[in-house]
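Coordinates in review
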Amino acid sequence: MSPTKTIGILGGGQLAKMLATAAADLGFNVNIYCPDTNCPAAQVANKIVFGNYDDKENLVAFAKNVDVLTYEFENIDIKALEELELFVNIRPSVKALKISQDRLTEKSYLNSLGIKTPQFYRIDEVSEIEKLFTKLKKPILIKTRRLGYDGKGQILVKTLDDINNHFLSKKLFPSIAEEVISFDRELSVIIVRNKEGNIKTFEPGENVHKSGILVTTTLPSSTSEVLKNDAVAIARKIVVNLDYIGVMGVEFFLKESKLYVNEIAPRVHNSGHWTMDGSYSSQFQQHIRAIMDLPLLSTERHSDIIMYNLIGQVTSNLANNELAKVYVYGKKDSRPGRKMGHINLIKKKGSQPPL
Ligand code: AMP
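Residues numbered from 1 in each chain as written. Predicted model: local features only at pLDDT ≥ 70, side-chain atom pairs only at ≥ 80, totals over all residues. Heavy atoms only, no water.

Details of the nonpolar core
The nonpolar side chains of a soluble globular protein tend to be buried, and buried together. To keep it simple, the criterion reads: Nonpolar core, defined: a set of buried Ala, Val, Leu, Ile, Met, Phe, Trp, Tyr and Cys residues in which side-chain atoms within 4.5 Å join the residues together. Three labels apply to residues, based on accessible area from a 1.4 Å probe with only protein chains included: buried if under 20% of the type maximum, exposed if over 50%, partly exposed otherwise in between. Helix and strand definitions follow DSSP, with helices as H or I runs of at least four residues and strands as E runs of at least two, each counted in order from the N terminus. Either an automatic procedure or a domain database provided the assignment from which the domain bounds are taken. Contacts are assigned to residue pairs that have any heavy atoms within 4.5 Å of one another.
Among the nonpolar cores identified, the biggest contains 55 residues, and Leu 10, Ile 32, Leu 69, Leu 84 and Ile 288 are the most heavily contacted of them. The biggest single contributor to this core is helix α1 (residues 14-25), with seven residues. In this structure, this core is formed jointly by two domains, domain 1 (6-90) and domain 3 (185-346), each of which donates at least three residues. Leave out the neighbours within four places in its chain, and Leu 10 touches Tyr 33, Tyr 53, Leu 59, Phe 62, Leu 69, Thr 70, Tyr 71, Glu 72, Phe 73, Ile 76 and Leu 81.

Encoded structure:
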């Protein structure tokens, strides 16, 4: 018998908690690296190491004690990871993380593969926002290149006054300006690839966001099979090009039968939480299997399902439904806009969803 392998996860939030649970089901040890002593993953992991994400010394010590290192979020110091990469397998690769950390490199990379994204422009000075807005004469969305998530770091500019109000008195972080897509719907593909190059994709889910935060993911989407297949083909192109190992989430805008990639996430993704109860395997099981060189499982969907995020609260009337699976992340403080849990509601055949 080989000794039990240990997976290291950078980050201790809900994604790490659900990854750690899937890893434990397969008999792996899980060590978590996280700055927060009360992190959700602490409820299920073997060991927690407290430290900051730019503390190289602490990160090296952590990584020396694991067999494979993975991560649950993008904002980790690349220089530190490049050092760890010399002695530990980091999956997904540092290259994939580096591309997706910065909206400018991410979108440039996608375009270089011939994949359509919203039109974007590099912004380093407030005067460039003004110039661009005056030239385009239509609303633009200013997004910080780094550290933005759940709509954070995004300002919609509809008038010159918006620029004055939001940017004139503040330091401008390196940003991009994006055309605003009046999309018909948003979709996402959760895809997994292993070292041998085997790929599995979950059926594209349909997402609804409010104020930049994911509220629901619904399966099946009423999008045509042709467009669903196109979205899957785009996701495949990305993971093959990156020689990717693990789960990736690819978010799309769909407008007049055209697909635009909004974002790629080199990790398990909120819009893939439905897989825990709607599919023969979950995205968390698949990620652990891919990074530990285990064969991938079936990604077939067995039920119609809606995933509802619990935002800013851990209760919902939906929880009383006998087909509701409730996941509470165990965060100590609830704040408006904070993801506290989610509910997967399996839809009985012929029933209406309680939207
Ligand atoms: P992001 O943080 O870039 O994933 O954006 C969060 C959400 O904001 C997206 O899921 C969309 O609902 C909305 N959004 C972001 N970028 C655009 C865009 N260029 N046009 C329209 N809506 C957008």
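Side note on the site of the ligand
For clarity, the threshold we go by: Think of it this way: one heavy atom of a residue within 4 Å of a molecule or strand is enough to make that residue near it. The definition of a polar contact used here is a pair of N or O atoms within 3.5 Å, where within protein one atom must be able to donate a hydrogen and the other to accept one, and adjacent residues in sequence count solely through side-chain atom pairs. Residue exposure ignores everything except the shown protein chains as possible cover, and the areas themselves are Shrake-Rupley values with a 1.4 Å probe.
Of all residues adjacent to the ligand, which total 17 residues, the nearest are Lys 143, Gln 154, Glu 178, Glu 179 and Glu 186. In this structure, Glu 186 approaches the ligand through a side-chain N or O atom, which is 2.6 Å from an oxygen atom. Interatomic distance of 3.3 Å between a side-chain N/O atom of His 209 and an oxygen atom of the ligand. Considering the ligand on its own, with 480 Å² of exposed area, one finds that the protein chains cover 90% of that surface. Broken down by secondary-structure element, the contributors of at least two residues to the shell around the ligand are β7 (140-144), β9 (175-179), β14 (246-255) and β15 (258-265). Of the domains in this structure, domain 2 (119-179) and domain 3 (185-346) are the two that each give at least three residues to the shell around the ligand.

Considerations on the packing of aromatic side chains
The test is simple: Planes of paired rings set the category: under 30 degrees apart is stacked, over 60 is edge-to-face and the rest tilted, where pairs are Phe, Tyr or Trp rings (Trp by its six-membered ring) whose centres lie within 6.5 Å. Comment: the charge-over-ring label is applied if NZ (Lys) or CZ (Arg) is within 6 Å of the ring centre and within 35 degrees of the ring normal.
Considering all chains together, one arrives at five aromatic pairs under this definition. Judged by centre distance (6.0 Å) and plane angle (85°), the ring pair of Phe 202 and Trp 274 falls under edge-to-face. Placement of Phe 202 in the loop between β11 (199-201) and β12 (205-210) and of Trp 274 in the loop between β15 and α9 (275-278) is noted, with a sequence separation of 72 residues between them. Owing to a relative accessible area of 0%, Phe 202 belongs among the buried residues under this scheme. The class of Trp 274 is buried, set by a relative accessible area of 1%. Ring pairs connect the aromatic residues Tyr 33, Tyr 53, Phe 62 and Phe 73, which therefore count as one cluster. The positively charged end of Lys 64 is found above the aromatic ring belonging to Phe 87, 5.1 Å away from the centroid.

Notes on the domain arrangement of the chain
Definition in use: For any pair of parts, buried area is found by adding up, for both, the accessible area (1.4 Å probe) each one loses once the two are put together. In the sections that follow, a salt bridge refers to a side-chain nitrogen of Lys or Arg positioned within 4 Å of a carboxyl oxygen of Asp or Glu.
For the chain, the domain assignment lists domain 1 (6-90), domain 2 (119-179) and domain 3 (185-346). If you average the C-alpha positions of domain 1 and of domain 3, the two centres end up 22 Å apart. Interface area for domain 1 against domain 3, summed over the two sides, is near 1900 Å², with a carbon-plus-sulfur share of 72%. Considering only the surface of domain 1 that becomes buried against domain 3, Gln 14, Met 18 and Leu 19 emerge as the three largest contributors, covering 28% of it. Where domain 1 touches domain 3, the interface holds one salt bridge. The residue Glu 74 makes a salt bridge to Arg 267 at a minimum N-O spacing of 2.8 Å. Connecting domain 1 to domain 3 are five residue pairs in polar contact (both at pLDDT 80 or more). Mapped by element, the contributors of at least two residues to the side of domain 1 that touches domain 3 are α1 and β4 (68-71).

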